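One letter stands for each residue in the lines below.
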Amino acid sequence: MSNTIVVYYSFSGNTRLIAEKITKSLNSEKFELIPDKKIDLDLLRDKEFFNSEAKCSKINDISKYKNIIIGSPVWARTISPPVKWFIEKIKDDYKGKVSFFCCHSGVIGDSFEFIEEKFTDRFLTKKGFYNPLTNLSSCFEEVDKWVNEFKTK
Ligand SMILES: Cc1cc2nc3c(=O)[nH]c(=O)nc-3n(C[C@H](O)[C@H](O)[C@H](O)COP(=O)(O)O)c2cc1C
């Protein structure tokens, strides 16, 4: 069993693509968060949604992994609600090391600060990927570099 798991949410495939690439490079495991209430375009038009809880009931037991890499799209200059829900869920009990990546279109906002604050003593490394589906080769090169950095931590 790998000692690392990649846990992510993806609406339109960018974060999934990076999560899969990281998983292959590290030979790790992965788990996609699926919100109980399906997120669709109507929900994304509702500003209230961004402050609401996006619960994802089906989650793996992550306590057995030494490392977790959490991935999220950036929405409204912060981490997406399903990933925020997951972070809140694990922050007090998970004892391993936490790394984070986000996929974005140029404005990361408070994404890094948000997660670093939650895991101060356990936070390892972070990375943003700019529109991966349209910048495939450069993002894949960046994943390789980041994975190597992660391995040395
Ligand atoms: C509702 C919504 C809000 C977004 N807000 C931001 C933002 O604040 N900053 C940014 O750089 N990109 C923003 N984006 C773009 C996404 O972060 C970007 O396309 C990301 O790669 C999507 O990841 P995904 O395909 O895994 O869902 C937003 C996209 C959506 C759908």
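Here, the structure is the one placed above.
For every chain, the first residue of its written sequence is number 1, and the numbers climb from 1 along that sequence. The predicted nature of this model means local features are confined to residues of pLDDT at least 70 and side-chain atom pairs, given and counted, to a pLDDT of 80 or more, with totals for whole chains, interfaces and linings taken over all residues.

To continue, consider the pairing of strand β1 (residues 4–8). Most of β1 is tucked away, with five of its five residues classed as buried. With burial as the criterion, each face of β1 is covered, one bearing Thr-4, Val-6 and Tyr-8 and the other bearing Ile-5 and Val-7. Following DSSP output, two strands are said to pair if at least two bridges run between them. Elements are defined by DSSP. Helices are runs of H or I of four residues or more, strands are runs of E of two residues or more, and each kind is numbered from the N terminus. As defined by bridge partners, β1 adjoins strand β3 (residues 67–75) across five bridges and the pair is classed as parallel. Counted as the bridge partner of Ile-5 is Ile-68 from β3. Comment: burial labels come from other C-beta atoms within 10 Å of the residue's own C-beta, placed from the backbone, where a count of 20 or more is buried, 12 or fewer is exposed, and between is partly exposed.

Let's shift gears to unusual backbone geometry. Despite not being glycine, Asn-27 shows a phi value in the positive range, around 55 degrees. Taking the number of C-beta atoms within 10 Å as the measure of exposure, Asn-27 has 8 and is therefore exposed. In this structure, Ala-76 takes a positive phi of about 50 degrees despite not being glycine. Among the secondary structure elements, Ala-76 is positioned in the loop between β3 and β4 (78–79). The class of Ala-76 is partly exposed, set by 14 C-beta atoms lying within 10 Å.

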